[in-house]
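Single-letter residue listing:
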Amino acid sequence: MPIATPEVYNEMLDRAKAGKFAYPAINVTSSQTLHAALRGFAEAESDGIIQISTGGAEFLGGQHSKDMVTGAVALAEFAHIVAVKYGITVALHTDHCPKDKLDGYVRPLLDISAERVKAGRNPLFQSHMWDGSAETLADNLAIGQELLAQAAAAKIILEVEITPTGGEEDGVTHEINDELYTTVDDALRTAEALGLGEKGRYLLAASFGNVHGVYKPGNVVLRPELLKDLQEGVTAKYSKAPGSQPFDFVFHGGSGSTAEEIATALENGVVKMNLDTDTQYAFTRPVVDHMFKNYDGVLKVDGEVGSKKTYDPRTWGKAAEAGMAKRVTEACAALRSTGTKLK
């Protein structure tokens, strides 16, 4: 089954947690970047997660109306058809959604999936993200409780971000400072409000110095060992077995992370890592190369006719897809998901 059912998605996450690996979650903005992500997963023999941000969904909705729900639904339906050919399983996810966009994005999508489930079908998306990091933790968790209940009823997993990730993502900006580190108290308040699975499954984007966007290793102080403190703090409070990991963590802002930082995060319960900046560049770089090398062909210079073979979008589009797919396979290797696809 190319698009994970709710049961299969839970199995995927459980396998990642037990096996100390994570799934690359690849942001897509078009049918072509979707194919690139699917191809990368297939070549790595890894299952994975395809995700669409509010900005990506708006772009997919077309520049005439820029409707996020239309864009997200259209690509999800497209994915259900084309993913069949790739021999791997993927979950569909919506990325960062702040409070002012909930009514125009996540809530309508939850309603669509609820109607599908009521009719005996699977939800359209397998998980949605609520990004309340710009709100107070109390308000963040209150909205999280409401969304978690709706998500659970529609057999969907909710992702929550409880403290800020630095940098900028689709218009949500946070400074790079000492507030980029989730505390044990933050984790305890989250467990109290959202439960530990009994109210519905959720993924937790905790902050350990993460920054969205482009940065070089060493420019940002990541502390993935902090995730162990959060797991242990909640384990102690709720009398879980020593060494248990009650949270399924998400690694945001991972561009430029070292292999050691990623490995530490995986050991401490990360099951999903977002990739957008790196894959954007991997998609665009071959296009730039093509345009520079075929300048006279892609432009009708000085009244000439150019060369259709070079400006045909299929020509440079194939190179773009291959470039992005290669970066996805590299991500699978870094996150240890290579060769772990469901049989």
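Details of the structure are given in the entry above.
Summarised in this report is the structure supplied together with it. Residue numbering note: each chain is counted from 1, following its sequence as written. Local features in this predicted model are restricted to residues of pLDDT 70 or higher, and side-chain atom pairs are both shown and tallied only at a pLDDT of 80 or more, whereas totals for entire chains, interfaces and linings draw on every residue. Processing note: side-chain calculations cover all non-hydrogen atoms of the structure and skip hydrogens and water entirely.

### Details of the overall build of the chain
Reasoning step 1: Helix and strand labels come from DSSP, where a helix needs a run of H or I of at least four residues and a strand needs a run of E of at least two; each type is numbered from the N terminus. Counting its regular elements, the chain contains 13 helices and 10 strands.
Reasoning step 2: Atoms counted for the radius of gyration: C-alpha only. Globule rule: 2.2 Å times the number of residues to the power 0.38. Taking 20 Å as the expected radius of gyration for a compact globule of 343 residues, we find that the chain reaches 20 Å, a close match to that expectation.
Reasoning step 3: The dimensions of the chain, computed from C-alpha atoms along their principal axes, are 75 × 50 × 40 Å.
Reasoning step 4: Put simply, the chain has 343 residues, and 54% of those count as buried.
Reasoning step 5: Partitioning the contacts of the chain with sequence separation of at least 6, the portion at a separation of at least 24 is 74%.
Reasoning step 6: Per-residue accessibility takes into account occlusion by the displayed protein chains alone, with areas from the Shrake-Rupley method and a 1.4 Å probe. Carbon and sulfur atoms make up 54% of the accessible area of the chain, which amounts to about 14,900 Å² in all.
Reasoning step 7: Residues counted as positive are Lys and Arg, residues counted as negative are Asp and Glu, and His and the chain ends are not counted. The atom standing in for a charge is NZ when the residue is Lys, CZ when it is Arg, CG when it is Asp and CD when it is Glu. Within the chain, one finds 34 positive and 46 negative side-chain charges whose respective centroids are separated by 7 Å. The buried label applies to any residue whose accessible area, calculated with a 1.4 Å probe on protein chains only, is under 20% of its type's maximum; exposed applies above 50%, and partly exposed to all values in between. When checking whether two residues touch, look at their non-hydrogen atoms; a contact exists if any pair is within 4.5 Å.

### As for the pairing of strand β3 (residues 90-94)
Reasoning step 1: Counting buried positions along β3 gives five out of five residues, so the element sits mostly inside the fold.
Reasoning step 2: By the convention used here, strands pair only if DSSP detects at least 2 bridges between them. Relative to β3, strand β2 (residues 48-52) runs parallel, the two sharing five bridges. Residue pairing in the sheet places Ile-50 in a bridge with Leu-92 of β3.
Reasoning step 3: Of the strand pairs in this sheet, β3 and strand β4 (residues 127-131) are connected by two bridges, and their pairing is parallel. The residue of β4 that forms the bridge with Thr-94 is His-128.
Reasoning step 4: Running through helix α5 (residues 106-118), the crossover from β3 to the neighbouring parallel element β4 is right-handed. Viewed with both strands pointing away, a crossover whose connecting path from the first strand over the helix to the second turns clockwise is right-handed.

### What about the pattern of salt bridges?
Reasoning step 1: Between Lys or Arg on one side and Asp or Glu on the other, a salt bridge is scored when a side-chain nitrogen of the former is within 4 Å of a carboxyl oxygen of the latter. Applying the stated criterion to the full structure yields 16 salt bridges.
Reasoning step 2: Between Asp-278 and Arg-327 there is a salt bridge; the shortest N-O distance is 2.8 Å. A residue pair is termed long-range when its members are at least 10 positions apart, and Asp-278 in helix α10 (residues 277-293) and Arg-327 in helix α13 (residues 313-334) qualify at 49 residues.
Reasoning step 3: A salt bridge links Asp-289 to Lys-293, with the nearest nitrogen and oxygen atoms 3.2 Å apart. With Asp-289 and Lys-293 both in helix α10 and four residues apart, this pair spans about one turn of that helix.

### As for helix α8 (residues 226-237)
Reasoning step 1: Between the first and last C-alpha of α8 there are 17 Å, a value that for 12 residues agrees with the 16 Å anticipated at 1.5 Å per step.
Reasoning step 2: At its buried positions, α8 is contacted by α7 (184-194), β9 (249-251), α9 (259-267) and β10 (270-275).
Reasoning step 3: Count one or two residues on from α8 and you reach Ser-239, which has phi positive near 55°. What a helix should span is 1.5 Å times the count of its residues minus one.

### Describing the packing of aromatic side chains
For any pair of aromatic rings, geometry is given as the distance between the ring centres together with the angle between the planes.
Reasoning step 1: Classification of ring pairs rests on two measures: the distance between centres of Phe, Tyr or Trp rings, Trp counted by its six-membered ring, which must be within 6.5 Å, and the angle between planes, read as stacked under 30 degrees, edge-to-face over 60 and tilted in between. Using the criterion set out here, one finds four aromatic pairs in the structure.
Reasoning step 2: Ring geometry for Tyr-202 versus Phe-247: centroids 6.5 Å apart, planes at 55°, classification tilted. Taken together, the positions of Tyr-202 in strand β8 (residues 202-205) and Phe-247 in the loop between α8 and β9 put the pair 45 residues apart, joining distant regions of the chain.
Reasoning step 3: Note on Phe-247: relative accessible area 2%, which makes it buried.
Reasoning step 4: Among the aromatic residues, those joined into a cluster by ring pairs are Tyr-202, Phe-247 and Phe-249.

### Structural notes on helix α4 (residues 68-82)
Reasoning step 1: Across its 15 residues, α4 extends 21 Å between first and last C-alpha, which sits within 8% of the 21 Å expected from 1.5 Å per residue.
Reasoning step 2: All of the buried residues along α4 are Met-68, Val-69, Gly-71, Ala-72, Leu-75, Ala-76, Ala-79 and Val-82.
Reasoning step 3: Buried-residue contacts for α4 involve α2 (31-44), β2, α3 (54-60), β3 and α5.
Reasoning step 4: Throughout this description, a polar contact denotes any pair of N or O atoms lying within 3.5 Å of each other; where both atoms belong to protein, one of them has to be capable of donating a hydrogen while the other can accept it, and for residues adjacent in sequence the pair is counted only when both atoms sit in side chains. The N-terminus of α4 is capped by Asp-67, whose side-chain oxygen sits 3.4 Å from the backbone nitrogen of Val-69.

### Points about the packing of α7 against α8
Reasoning step 1: Think of each axis as a best-fit line through the C-alpha atoms, taken over the contacting stretch in the case of a helix, with angles from 0 to 180 degrees between the N-to-C directions. As a packed pair, α7 and α8 sit with axes 9 Å apart at the nearest point and diverge in direction by 50°. If you check the angle between α7 and α8, you find them oblique. In this structure, α7 crosses over α8, and the sense of that crossing is right-handed. On α8, the residues touching Val-184, Ala-187, Leu-188 and Ala-191 of α7 are Asp-229, Leu-230, Gly-233, Val-234 and Lys-237.
Reasoning step 2: A class-by-class count of the residues in the contact of α7 with α8 yields six nonpolar, one polar and two charged. In what follows, roughly perpendicular refers to angles from 65 to 115 degrees, roughly parallel to angles under 35, roughly antiparallel to angles over 145, and oblique to any angle outside these ranges. In this scheme the handedness of a crossing depends on how the near helix is turned from the far one: anticlockwise by less than a right angle means left-handed, clockwise means right-handed. Any residue outside Ala, Val, Leu, Ile, Met, Phe, Trp, Tyr, Cys, Pro, Asp, Glu, Lys and Arg is labelled polar, Gly included; the first ten of those are nonpolar and the last four are charged.

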